[in-house]
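For reference, the chains in residue letters:
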Amino acid sequence: MSKIEVQDISLDYEDKGSTYTALENLDFSVEQGEFVSLIGSSGCGKSTTLSILSGLKSPTKGDFLIDGKKSVGPGKNRGVVFQHYSLFPWMTAVQNVSFGIEQVEKDLTKKENWQRSVNYLEKVGLKGFENKYPYQLSGGMQQRVAIARTLAMQPEILLMDEPFGAIDAKNRVLLQDLLLELLQKEGDAKTIVFVTHDVDEAILLSDRVLFMANKHIDEEIPIPFLRPRRREEIFRTPQYGQLRQQIMGRFYSVIRENIGGEEVVL
Amino acid sequence: MREVALQNQLAWENAVTRIARIVPHLLFLFLLVLIFQPSLVDIKNPWIFLGVVGSVEFALLWKRQSAAAHDIVTFVFLVLLFWEFVTTKIPNPNTMLYPVPENVFAVYYTDWHKILTGIGSSLYLLGMGFVTALVFGFVGGMITGWNRRLREALFPIAKVISPIPPIIYTPYAVALLPSFELASIFVIFSSIFWQVYISVILSVTSIDRKLLDSARTLNMKPRAMLFHILFPYCLPKLMKSLPISIANAFMVLTAAEMIGATAGLGWFVKYYSDFSDYTRVIAGIILIGVVVSLINLLIAALERRIVRWR
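Residues numbered from 1 in each chain as written. Chains lettered and ligands numbered in written order. Predicted model: local features only at pLDDT ≥ 70, side-chain atom pairs only at ≥ 80, totals over all residues. Heavy atoms only, no water.

(A) Local environment of the overall build of chain A. Summing up its helical and strand segments, chain A has eight helices and ten strands in all. Over its C-alpha atoms chain A spans a radius of gyration of 19 Å, differing by no more than 12% from the 18 Å that the globule rule assigns to 266 residues. Over its C-alpha atoms, taken along the principal directions, chain A stretches across nearly 60 × 50 × 40 Å. Buried residues in chain A amount to 50% of all 266 residues. Taking as baseline every contact in chain A between residues at least 6 positions apart, the subset at least 24 positions apart corresponds to 70%. Here chain A holds 32 positive side-chain charges and 37 negative ones, and the gap between their average locations is 6 Å. (Helix = DSSP H or I, 4+ residues; strand = E, 2+ residues; numbered from the N terminus. Rg over C-alpha atoms; globule rule 2.2 N^0.38 Å. Buried < 20%, exposed > 50% of the residue type's maximum accessible area, 1.4 Å probe, protein only. Contact = heavy atoms within 4.5 Å. Lys, Arg positive; Asp, Glu negative; His and termini not counted. Charge placed at Lys NZ, Arg CZ, Asp CG, Glu CD.)

Encoded structure:
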């Protein structure tokens, strides 16, 4: 039994009488402890897929199972990190984290909760920033707080929707390394679905890359690198170049299909 | 060449700034001289007026205020100078219609008891109506904004009722309700309630989708959603709109007081208007301006304390 099973899901929107299809016959599964990336160009349905996994949207057709049980709506077993604007501006960094914990673990004392919040902020490298409000933090720091909040809630499944998409290049590298390091400590405890449009990011982080196009999974690409992974080592291997080429090739062919078979100059 | 022009311009701006910092003090001295010159009309007590002018000057000197403060004081002193000059230094055709500043400010001394009870009575009515309207408008607005069915039913109704100026139903409210107090509180309530109610509904419906999604994925219960997400989200906007609400409420209050009250700031002005005692009328008008400004200062201070996340 897989941790997550998406069984032939479709999602249609009704908008002013006309129907718009966001997902069509989506079918995949994720194993316990696996890191899976959904990649594809914008509009392919990867973020919508994540909304279904997080319970924010329900499919019009098909089932979505966690541990073999049908899942409806958001749940304690899943934590979500969004691209941006997910911290509550009226709470300090530590309040944001502790508020998240409070929602899933009611019987923790205030002190225990606070202690855990501070610990997780330290883990993401924000010691000393506990009492800052989000507007006082840079984009990268805000995203660190969001990651700390989600990890502190200790969900079994981590859903990340382009979490580093709005971060500058240098901080993105730092955050990717941080994520690798944090997940390394967790071992097989966390199952992760990660949405991105960054090919390097997908290869570096994932065990498997699902290429999405035209509202369903178009191709599945296993990433064979062993963990713990180090960016410099992986990027130097010839395998990396091949994988990169393979995925980029998919992007180009999708564009070609959509434009109509003519040669595309990129 | 261009550098020289730029330097000239800078020097010129510097000079203007420096002069602007001196002007209010010169005007103050000028005003003092003018006040101590013999007047053509009978002045009962110049000391309150002098005290007010002196405190304005003192505040400016003491706090080393910004350029804007200097400009404002310049404006105030110019107005007072003009007022003092045309009413006391040239023949005043009608001292009843054109009261002398000294006598206007002296009212605060002679009528202090009536003024204090007036402020107390007005603030009581304002506070009661304002606070109830704020609480009901805010809580009601959050619930209505959150619940789609309620919103679609109540929002159109609110949009029909809210534009009716509450002053319109003041006379009827005074006639209908058992006491004048209750009538004023009701009218003040309705002048603020709809405004708050509608703005909170709009604020809830315009809440950032991403923020809401993020809250939903935290498995929040509806109560937590209401108190920890919607409430703080709507609060800053509401605080920003309070000065306008206060101004509206004051307008309604003074209008109501003109109809049926026996005390209060609006009553004070209306009462002495009936006797053509315009000295007291002007004193009352200035007082209302001061009281409203003080309330707004209080709100601004509250806002700074409460909304610390911006």
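Continuing now.
(B) The arrangement of the interface of chain A and chain B in detail. Tallying the contact residues gives 24 residues for chain A and 19 residues for chain B. With both sides pooled, the region where chain A packs onto chain B buries about 2000 Å², and carbon together with sulfur makes up 69% of that total. Considering only the side of chain A, the residues that lose the most area to chain B are Y85, W90 and Q103 of chain A, jointly responsible for 32% of the buried surface there. Put simply, chain A and chain B have zero salt bridges between them. Scanning the region where chain A abuts chain B turns up four residue pairs in polar contact (both at pLDDT 80 or more). When contributions to the side of chain A that touches chain B are tallied by element, the ones reaching two or more residues are β6 (78-81) and α2 (93-104) of chain A. Top contributing element to the side of chain A that touches chain B by residue count: α2 of chain A, with four residues. The residue inventory of the side of chain A that touches chain B, partitioned by class, reads 15 nonpolar, six polar and three charged. (Buried area = accessible area lost by both parts, 1.4 Å probe. Salt bridge = Lys/Arg side-chain N within 4 Å of Asp/Glu carboxyl O. Polar contact = N/O pair within 3.5 Å; in protein donor to acceptor, adjacent residues only side chain to side chain. Nonpolar A, V, L, I, M, F, W, Y, C, P; charged D, E, K, R; others polar.)

(C) Focus on the confidence of the model for chain B. Looking at chain B, pLDDT values average 90 and 99% of them are 70 or higher. If you check the scores for this complex, the pTM reads 0.81 and the ipTM reads 0.83. (pLDDT = per-residue confidence, 0-100.)

(D) Inspection of a negative patch on the surface at higher detail. Residues and elements named next belong to chain A. Where like charges cluster on the molecular surface, the negative patch consists of D12, E14, D15 and E24. No other element matches the three residues that strand β1 (residues 4-15) contributes to the negative patch. Note on placement: E24 falls in strand β2 (residues 18-30). (Patch = residues over 30% accessible without salt bridge, like charges linked within 9 Å, V, L, I, M, F, W, Y side chains within 5 Å. Areas by Shrake-Rupley, 256 points an atom, 1.4 Å probe, with all protein chains shown as cover.)

(E) Main features of the sheet that holds strand β4 (residues 61-66) of chain A. Residue and element names in this part refer to chain A. If you trace the four strands from one edge of the open sheet to the other, you get β2-β1-β4-β5, paired in antiparallel fashion. Of all the strands in the sheet, the pair left with one neighbour each is β2 and β5 (69-70). The pairing of β1 with β4 spans five bridges and is antiparallel. For Q7, the partnering residue across the bridge sits in β4 and is D63. Where helix α1 (residues 46-54) meets the sheet, it contacts β1, β2 and β4, and its direction lies at approximately 70° from that of β2. (Pairing = 2+ DSSP bridges. Axes fitted to C-alpha atoms, helices over the stretch in contact; angles between N-to-C directions.)

(F) Layout of a nonpolar patch on the surface. All names here are of chain B. Judged by side-chain polarity, V131, V135, F136, V139, I143, L150, L154 and I157 come together as a nonpolar surface patch covering roughly 650 Å² of accessible area. For the nonpolar patch, the elements supplying multiple residues, two or more each, are α5 (112-146) and α6 (148-161). The dominant element in the nonpolar patch, judged by the number of residues it contributes, is α5, at five residues. Among the secondary structure elements, V131 is positioned in helix α5.

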